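# Observations on chain architecture
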Amino acid sequence: MEKILSINSGSSSLKISLFSMPTETCLARILIDYSNPVSTNMIISLPGSEPIPYTYTMKSTPVALVISLLKKYNVIKNPKEIVGIGHRIVAGGEIFKKSITLTPDMLIQLQSIHDLAPLHNPANIAGIQDAMNLLPDCPQVAVFDTSFFSDLPPENYLYALPLDFYRDYHIRKYGAHGTSHRFVAQQAASLLGYSLSSLKLITLHLGSGASIAAIRYGKSIDISMGFSPLTGLLMGTRCGDIDPSALAFLIKNQAFSSIDDCMETLNKKSGLLGISGISSDIRKIEAHIEDNHQAKLAINMFVKKICDYLGAYWLELGGADALVFTGGIGENDCYIRKLICQKLTCLGIGINSANNKNQEAPFDFANYNSKARLLVIPTNEELMIARDTYELIRRKEDVMDTV
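Just so it is clear, the structure is predicted and the values come from calculations on it, not from any experiment.

### Considering the overall build of the protein
From N to C terminus, the protein includes 15 helices and 14 strands. Its C-alpha atoms give the protein a radius of gyration of 21 Å, near enough to 22 Å, the size a compact globule of 403 residues would have. With the C-alpha coordinates aligned to their principal axes, the bounding extent of the protein is approximately 55 × 55 × 45 Å. Carbon and sulfur atoms provide 54% of the accessible area of the protein, an area that totals close to 19000 Å². Each charge sign in the protein was given a centre, from 37 positive and 39 negative side chains, and these centres are 3 Å apart.

Listed below in structure tokens is the structure:
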């Protein structure tokens, strides 16, 4: 039994899980919301126990706090029991195309590309530095969301700009959510009883951040997110696709005080929040769709954009064996799933309404004659991180054994 710590750092939250490998047994999950600079709200979940809420005045770094909680609840006796720490990194650019064991030089390279995911990469890097300082002798592994999309066909990752912009500035589609898309694709293959290398899948990660990917025989061939996680689908607070000329017009007419102000609006004040004027939380918007025109409009726009991409990827794949729903909305919102699938009847997609209301994922809610299975599969980015971390550590140990 070897213990792997998985760290999923966000801009204002931290999800950490401790796994026993290779059995993939989760020994503890901790969710930390550290958006409040004064106190930290946490939930620790242990097998067989009710989740335990905490409010903690921040006196130590988040990873140090997690280690102390793991010791308090006897999950570990000594931090040295942790043989590897895996970190989710949103953007690896063209430098990092696969999961890697980090070195100080690599950390410097990571810092040089944080503009590719300005809301996420700085927080990801902070989590790495925290863990390195706390456990300097423990291998640190970076797992990149973008790596799953590093081998897209050039016609799918290039923008129709002069190629010098790609050659000189590496402007291209990088995608995001790759750790989640990769995990649910593997789980879908297991659920269907087929090899992943034989399947065509469309995976929908629908949450506050949202993306859709086309996966052919285990490899992603397209992804809705682009140069940054801002583009593609309409999201909780992100606008998704937009005509650049509209932004140029708004900047020229001083609707924004600066480029930073523009990006702040596109990232944090748009999407479901901007259209509904209610919330970025789709549950709160749905509560008002009968009496609020903007709420209904926000839902309709959200669903339409998903179907736009889904239809394009269906054509690109030449059909799909399954559509896979994951993320907070994809896993839990049967109403949104129904609205999406109702628009797909022309593709031969049919739903079993009773199964769609099932709360025990994973499950299939396609009817018997649907052209594709409709799977709801909970994502588990932390487990995917642990798998990659464990594999890299074992590979290094195998090399050392042969020397």
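### Thoughts on the pattern of salt bridges
Counted under the stated rule, the structure contains 13 salt bridges. The salt bridge involving Arg395 is made with Glu391; its shortest N-O contact spans 2.7 Å. Highlighted residues: Arg395 and Glu391, both in helix α15 (residues 381-402), separated by four residues, approximately one helical turn.

### Quick notes on the side chain of Thr326
Position of Thr326 among the secondary structure elements: in strand β12 (residues 322-326). A relative accessible area of 1% means that Thr326 is categorised as buried. Those residues in contact with Thr326 that lie beyond four places of it in its chain are Ser180, Val184, Leu204, His205, Leu206, Glu331, Ile377, Pro378 and Thr379.

### Notes on the environment of Ile278
Along the chain, Ile278 turns up in the loop between α9 (271-276) and α10 (282-286). Considering only alpha carbons, one finds Ile278 and Gln294, 16 residues apart in sequence, at a separation of 8.5 Å. Once you skip the residues sitting within four places of it in the chain, Ile278 turns out to touch Leu273, Lys284, His288, Asn292 and Ala295.

### Describing the pairing of strand β3 (residues 25-33)
The pairing of strand β2 (residues 13-21) with β3 spans eight bridges and is antiparallel. Along β3, the bridge assignment pairs Phe19 with Cys26. Two successive antiparallel strands, β2 and β3, enclose a turn made up of three residues, where Glu24 displays a positive phi of approximately 65°.

### Overview of the packing of helix α2 (residues 104-112) against helix α3 (residues 121-134)
The N-to-C vectors of α2 and α3 enclose an angle of 160°; their axes lie 11 Å apart at closest approach. One finds that α2 runs roughly antiparallel with respect to α3. As α2 packs across α3, the resulting crossing turns out to be left-handed. Touching Leu107, Leu110 and Gln111 of α2 are Ile125, Ile128, Gln129 and Met132, all from α3. Tallied by class, the residues present in the contact of α2 with α3 amount to five nonpolar, two polar and no charged.

### A short note on α3
Taking 1.5 Å per residue as the helical rise, α3 with its 14 residues ought to reach 20 Å, and the 20 Å between its terminal C-alpha atoms agrees with that figure. Every buried residue of α3 is accounted for by Asn121, Ala123, Asn124, Ile125, Gly127, Ile128, Asp130, Ala131 and Met132. Buried residues along α3 sit against β1 (2-9), α1 (62-72), β6 (82-89), α2 and β8 (140-144).

### Quick look at the state of the cysteines
If you walk through the whole model with that rule in mind, you get zero disulfides. Cys26 provides the cysteine sulfur closest to Cys138, a residue in no disulfide bond, and the two sulfurs are 17 Å apart. Free of any disulfide, Cys239 has its nearest cysteine sulfur in Cys262, 8.4 Å distant.

### As for the nonpolar core
Across soluble globular proteins, nonpolar side chains show a tendency to be buried alongside one another. Of all hydrophobic cores here, the largest spans 88 residues; its most connected members are Leu110, Ile202, Leu323 and Ile340. Per element, the largest residue contribution to this core is twelve residues, and it comes from helix α11 (residues 293-317). In contact with Ile340, not counting residues within four places along its chain, are Leu206, Val303, Ile306, Cys307, Leu310 and Phe325. Within the second largest apolar cluster, 25 residues are counted, among which are Ala28, Ile30, Ile32 and Val75.

### Some thoughts on the sheet that holds strand β9 (residues 200-206)
If you trace the six strands from one edge of the open sheet to the other, you get β11-β10-β9-β12-β14-β13, paired in mixed fashion. The open sheet terminates on both sides in strands that have one partner only, identified here as β11 (219-223) and β13 (363-364). Where β9 meets strand β10 (residues 210-216), seven bridges bridge the pair, whose relative direction is antiparallel. Across the sheet, residue Lys200 finds its bridge partner in β10, namely Arg216. Strand contacts of α11: β9, β10, β11 and β12, with the helix running at about 10° to β10, the strand carrying the most contacts.

### Looking at the environment of Leu107
Looking at the secondary structure, you find Leu107 in helix α2. Using a relative accessible area of 9% as the deciding quantity, one classes Leu107 as buried. Note: C-alpha distance between Leu107 and Tyr368 (261 residues apart in sequence) is 50 Å. Apart from the residues within four sequence positions on either side, Leu107 is in contact with Ile125, Ile128, Gln129 and Met132.

### Comments concerning unusual backbone geometry
The peptide bond linking Met21 to Pro22 adopts the cis configuration, its omega dihedral lying at 10°. Among the secondary structure elements, Pro22 is positioned in the loop between β2 and β3. Residues Ala361 and Pro362 are joined by a peptide bond in cis, for which omega reads 5°. Structurally, the position occupied by Pro362 is in the loop between α14 (353-356) and β13. The backbone of Glu24 shows a phi angle near 65°, a positive value even though the residue is not glycine.

Rules and cut-offs
- Residues numbered from 1 in each chain as written.
- Predicted model: local features only at pLDDT ≥ 70, side-chain atom pairs only at ≥ 80, totals over all residues.
- Heavy atoms only, no water.
- Helix = DSSP H or I, 4+ residues; strand = E, 2+ residues; numbered from the N terminus.
- Rg over C-alpha atoms; globule rule 2.2 N^0.38 Å.
- Areas by Shrake-Rupley, 256 points an atom, 1.4 Å probe, with all protein chains shown as cover.
- Lys, Arg positive; Asp, Glu negative; His and termini not counted.
- Charge placed at Lys NZ, Arg CZ, Asp CG, Glu CD.
- Salt bridge = Lys/Arg side-chain N within 4 Å of Asp/Glu carboxyl O.
- Buried < 20%, exposed > 50% of the residue type's maximum accessible area, 1.4 Å probe, protein only.
- Contact = heavy atoms within 4.5 Å.
- Pairing = 2+ DSSP bridges.
- Axes fitted to C-alpha atoms, helices over the stretch in contact; angles between N-to-C directions.
- Parallel < 35°, antiparallel > 145°, perpendicular 65-115°, else oblique.
- Left-handed = near helix turned anticlockwise from the far one by under 90°.
- Nonpolar A, V, L, I, M, F, W, Y, C, P; charged D, E, K, R; others polar.
- Expected span 1.5 Å × (residues − 1).
- Disulfide = S-S within 2.5 Å.
- Core = buried A, V, L, I, M, F, W, Y, C linked by side-chain atoms within 4.5 Å.

By themselves, these are just geometric observations and shouldn't be taken as functional.
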